[in-house]
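A closer look at the structure
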Amino acid sequence: MHGDLLTQISEGGILYILLVIAITMHEFGHAFVASKLGDYLPKLEGRVTLNPLAHMDMTGTVILPILTIALSMNSPFPIVFGWGKPVRVALDNPKTRDRIDFLSTAGGLAMNLVVAAVSAVLMALLLRLSSEDFARVAYLSIIINCGLFVINMIPVPPLDGARILKHIVKMSDESFYALSRWGMFIFFAIILIPQTNGILVWLVGALSEVFVALAGIILSIIS
């Protein structure tokens, strides 16, 4: 029992570190793309950085992740999630504001897929070196980054999927902010309702399998 507890604490710590890395990269993606497109605010506020402390939110990066990790420790498919401090953008140029908002939002989502792809490469290399324990860490990184991607694609404010949808359907700012008032209630309902939660778990699993398959292809090439 004592050994099992130590194992769970160790794996929980690994999950938390991987989640912080995923959140950091997600927020960095937002800030980096916005800065490259000419928006000055992310750099001014110190967000164009890989330092996790610049992106941490007490609720989203500390309290909620620890709770979800603790609740998922006995699950064969751990789903843990959280969020970072939102990256603010000035969007003060009417000619470029929609483009910057859309692309910087997409930048955070894309960064999680990049991290998942890098994790797949590492997983293949570690399996080639017979380092199964470290390969499992890379596998968990794939799951966590795919989880953040899927959850953030939910089209409910304040998630990224809502901002993507806003630009696709040309939603007015007034309608978007009116919807935002109910966003967190809708989000937690989606998370807590078994049917919608099951869909999210399936999507995370399906997306993760794409990167696991990529790791398998790489492994077959280098073996």
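The residue count restarts for each chain, going from 1 along the sequence in the order it is written. Selection of residues for local features in this predicted model requires a pLDDT of at least 70, selection of side-chain atom pairs for listing and counting requires 80 or more, and totals for whole chains, interfaces and linings are taken over all residues. To obtain the side-chain values, all non-hydrogen atoms of the structure were included, while hydrogens and water were left out.

**Some thoughts on the overall build of the protein chain**
Applied cut-off: Put simply, DSSP marks the helices as runs of H or I at least four residues long and the strands as runs of E at least two long, and each gets a number from the N terminus on. Restricting the calculation to C-alpha atoms gives the radius of gyration, and the globule rule supplies 2.2 Å times the number of residues raised to the power 0.38. Exposed residues in this analysis have more than 50% of their type's maximum accessible area, buried residues have under 20%, and partly exposed residues fall in between, with area computed by a 1.4 Å probe over protein chains only. Contact definition: two residues touch when any of their heavy atoms are within 4.5 Å. Residue exposure ignores everything except the shown protein chains as possible cover, and the areas themselves are Shrake-Rupley values with a 1.4 Å probe. Neither His nor the chain ends is counted toward charge; the positive residues are Lys and Arg and the negative residues Asp and Glu. One atom stands in for each charge, and that atom is NZ of Lys, CZ of Arg, CG of Asp or CD of Glu.
Looking only at helices and strands, the protein chain has nine helices and zero strands in total. Put simply, the protein chain runs from its N terminus to its C terminus through helices and strands in the order α-α-α-α-α-α-α-α-α. In summary, the protein chain has a C-alpha radius of gyration of 18 Å against a globular reference of 17 Å for 223 residues, a match within 12%. Taken along its principal axes, the extent of the C-alpha atoms in the protein chain is 55 × 40 × 30 Å. Within the protein chain, the fraction of its 223 residues that count as buried is 40%. Counted over contacts in the protein chain with a minimum sequence separation of 6, partners at least 24 positions apart contribute 71%. Accessible surface computed for the protein chain: about 12,200 Å², of which carbon and sulfur atoms make up 70%. In the protein chain, which carries 14 positive and 15 negative side-chain charges, the distance between the mean positions of the two groups comes to 9 Å.

**Description of the nonpolar core**
Nonpolar side chains tend toward joint burial in soluble globular proteins. Rule in force here: We call a set of buried Ala, Val, Leu, Ile, Met, Phe, Trp, Tyr and Cys residues a nonpolar core when their side-chain atoms join them within 4.5 Å.
Ile144, Ile154 and Phe187 are the most contacted members of the largest nonpolar core, which totals 37 residues. Of all the elements in the fold, those that place two or more residues in this core are helix H1 (2-36), helix H3 (58-72), helix H4 (97-128), helix H5 (132-152), helix H8 (183-192) and helix H9 (194-222). Aside from chain neighbours lying at most four places away, what touches Ile144 is Leu15, Leu18, Leu19, Ala22 and Val80.

**Describing the packing of aromatic side chains**
This is how the line gets drawn: Aromatic rings from Phe, Tyr and Trp, taking only the six-membered ring of Trp, are treated as a pair when their centres fall within 6.5 Å; an angle between ring planes under 30 degrees marks them as stacked, one over 60 as edge-to-face, and anything in between as tilted. Throughout this description, the term charge over a ring refers to an Arg CZ or Lys NZ atom that lies within 6 Å of the ring centre and within 35 degrees of the ring normal.
If you walk through the whole model with that rule in mind, you get five aromatic pairs. Consider the rings of Trp182 and Phe185, whose centres lie 6.2 Å apart with planes at 50 degrees: the pair is tilted. Site record: aromatic cluster; members linked through ring pairs are Phe81, Phe187 and Phe188. Between the NZ or CZ atom of Lys166 and the centre of the ring of Phe176, over which it lies, the distance is 5.9 Å.

**Remarks on the side chain of His30**
Test applied: As used in this structure description, the phrase polar contact means that two N or O atoms lie within 3.5 Å; if the pair is within protein, one of them must be able to donate a hydrogen and the other to accept it, and residues adjacent in sequence are counted only when both atoms belong to side chains.
Mapped onto the secondary structure, His30 falls in helix H1. At a separation of 3.0 Å, a polar atom in the side chain of His30 contacts the side chain of His26. Setting aside residues up to four positions removed in sequence, His30 forms contacts with Val87, Ser104, Thr105, Gly107, Gly108 and Asp160.

**Digging into unusual backbone geometry**
Leaving glycine out, the prevailing phi sign among residues is negative, and the prevailing peptide bond configuration is trans. Here the residue pair Pro157 and Pro158 is connected by a cis peptide bond, since its omega of 10 degrees sits within 30 degrees of zero. Tracing the sequence through the fold places Pro158 in the loop between H5 and helix H6 (160-168). Phi at Ser130 is positive, roughly 60 degrees, even though this residue is not glycine. By secondary structure assignment, the location of Ser130 is in the loop between H4 and H5. One non-glycine residue, Lys170, lies in the positive phi region at around 60 degrees. Positionally, Lys170 belongs in the loop between H6 and helix H7 (173-180). Judged by relative accessible area, Lys170 falls into the exposed class, the value being 71%.

**Description of the layout of surface pockets**
Defined as follows: Throughout, the protein atoms alone are placed on a 1 Å grid, and a set of points is a cavity if a 1.4 Å probe fits but cannot get out or a pocket if it is open with protein on both sides within 12 Å along at least five of seven lines; lining residues have an atom within 4 Å of a point. Grid points are joined across faces, edges and corners, and a volume is the space filled by probe spheres set on the points. When residues are grouped by polarity, Ala, Val, Leu, Ile, Met, Phe, Trp, Tyr, Cys and Pro land in nonpolar, Asp, Glu, Lys and Arg in charged, and all others, Gly among them, in polar.
In this model, the largest pocket occupies a volume close to 770 Å³. The wall of the largest pocket is formed by 30 residues, among which Pro86, Val87, Pro158, Leu159 and Asp160 lie closest to the centre. Mapped onto the lining of the largest pocket, the elements with two or more residues apiece are H1, H4, H5, H6, H7 and H8. Counting residues per element, the lining of the largest pocket draws most heavily on H1, at four residues. For the lining of the largest pocket, the class distribution of residues is 16 nonpolar, eight polar and six charged.

**Here's the deal with the pattern of salt bridges**
Selection rule: When a carboxyl oxygen of Asp or Glu lies within 4 Å of a side-chain nitrogen of Lys or Arg, that pair is called a salt bridge.
Applying the stated criterion across every chain yields a total of five salt bridges. With a closest N to O distance of 3.9 Å, Asp173 and Arg97 form a salt bridge. Of this pair, Asp173 sits in helix H7 while Arg97 is found in helix H4, placing the two residues 76 residues apart along the sequence. Classification of Asp173 by relative accessible area gives partly exposed; the value is 28%.

**A short note on the packing of H8 against H9**
The criterion, for reference: Angles here are taken between N-to-C directions and fall from 0 to 180 degrees, while the axes themselves are lines fitted to C-alpha atoms, restricted in helices to the stretch in contact. In this scheme, roughly parallel covers angles under 35 degrees and roughly antiparallel covers those over 145, while 65 to 115 is roughly perpendicular and the rest are oblique.
Two elements in contact, H8 and H9, have axes separated by 5 Å at closest approach and are oriented at 80 degrees. Our classification of the angle between H8 and H9 gives roughly perpendicular. Between H8 and H9, the contacting residues are Ala189, Ile190, Ile191 and Leu192 on the first element and Pro194, Thr196, Asn197 and Leu200 on the second. Looking at the contact of H8 with H9 residue by residue, the class counts come to six nonpolar, two polar and no charged.

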